[in-house]
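Architecture and fold: a report
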Amino acid sequence: PTGTGCVDAWQSVGWRDAAGGWRFAGREDSFVKIGGRWVNLIELEERLAAAAPAVHEIAAVLVPDDDGVDSIACFFSAADPLAAGAALHARASE
């Protein structure tokens, strides 16, 4: 893919286009190991989206902390972000 402003963490999966928007190219692998457990990011996205029908799009990604330990962060878009965020938080806390 070509574009400007490529960020290291996104080099293999996405890039910024000329208008400044992100373009997503897919994942190399949807399984990640977090805290000794395997997690399927696609399945996580699907389950969270099912719990919050107001969510238009959702993406789960790995985010390393300062020590390089990965955590999962979810980004979403919704018409009512506060209600959708509350529903996603409730589902993720189960």
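The following refers to the structure shown. (Residues numbered from 1 in each chain as written. Predicted model: local features only at pLDDT ≥ 70, side-chain atom pairs only at ≥ 80, totals over all residues. Heavy atoms only, no water.)

Notes on the environment of Asp 80
- Mapped onto the fold, Asp 80 is located in the loop between strand E6 (70-78) and helix H2 (81-92).
- Residue class for Asp 80 comes out partly exposed when judged on its relative accessible area of 40%. (Helix = DSSP H or I, 4+ residues; strand = E, 2+ residues; numbered from the N terminus. Buried < 20%, exposed > 50% of the residue type's maximum accessible area, 1.4 Å probe, protein only.)

A closer look at the packing of helix H1 (residues 41-51) against H2
- Interhelical geometry of H1 versus H2 gives an angle of 125 degrees and a closest axis separation of 8 Å. For the element pair H1 / H2, the angle class is oblique. The handedness of the crossing between H1 and H2 comes out as right-handed. Contact residues: Arg 47, Leu 48 and Ala 51 in H1; Ala 87, Leu 88, Arg 91 and Ala 92 in H2.
- Residue composition of the contact of H1 with H2, grouped by class: five nonpolar, no polar and two charged. (Axes fitted to C-alpha atoms, helices over the stretch in contact; angles between N-to-C directions. Parallel < 35°, antiparallel > 145°, perpendicular 65-115°, else oblique. Left-handed = near helix turned anticlockwise from the far one by under 90°. Contact = heavy atoms within 4.5 Å. Nonpolar A, V, L, I, M, F, W, Y, C, P; charged D, E, K, R; others polar.)

Brief notes about H1
- Listed in full, the buried residues belonging to H1 are Leu 41, Glu 45 and Leu 48. Summarising the axial view, the buried residues of H1 lie within an arc of 70 degrees, below the 170-degree limit, and thus occupy one face. In H1, those exposed residues whose orientation departs by more than 90 degrees from the buried face are Glu 46 and Ala 50.
- Packing partners of the buried residues in H1 comprise strand E3 (31-34), strand E4 (37-40), strand E5 (55-64), E6 and H2.
- Capping of H1 at its N-terminal end is provided by Asn 40; its side-chain oxygen lies 2.9 Å from the backbone amide nitrogen of Ile 42. (Arc of directions from axis to C-beta. Polar contact = N/O pair within 3.5 Å; in protein donor to acceptor, adjacent residues only side chain to side chain.)

Regarding the nonpolar core
- Within the largest apolar cluster, seven residues are counted, these being Leu 48, Ala 52, Val 55, Ile 58, Ala 78, Ala 84 and Leu 88.
- Those elements that provide at least two residues to this core are E5 and H2.
- Ala 84 has contacts with Ala 52, Val 55, Phe 76 and Ala 78, leaving out every residue within four places of it along the chain. (Core = buried A, V, L, I, M, F, W, Y, C linked by side-chain atoms within 4.5 Å.)

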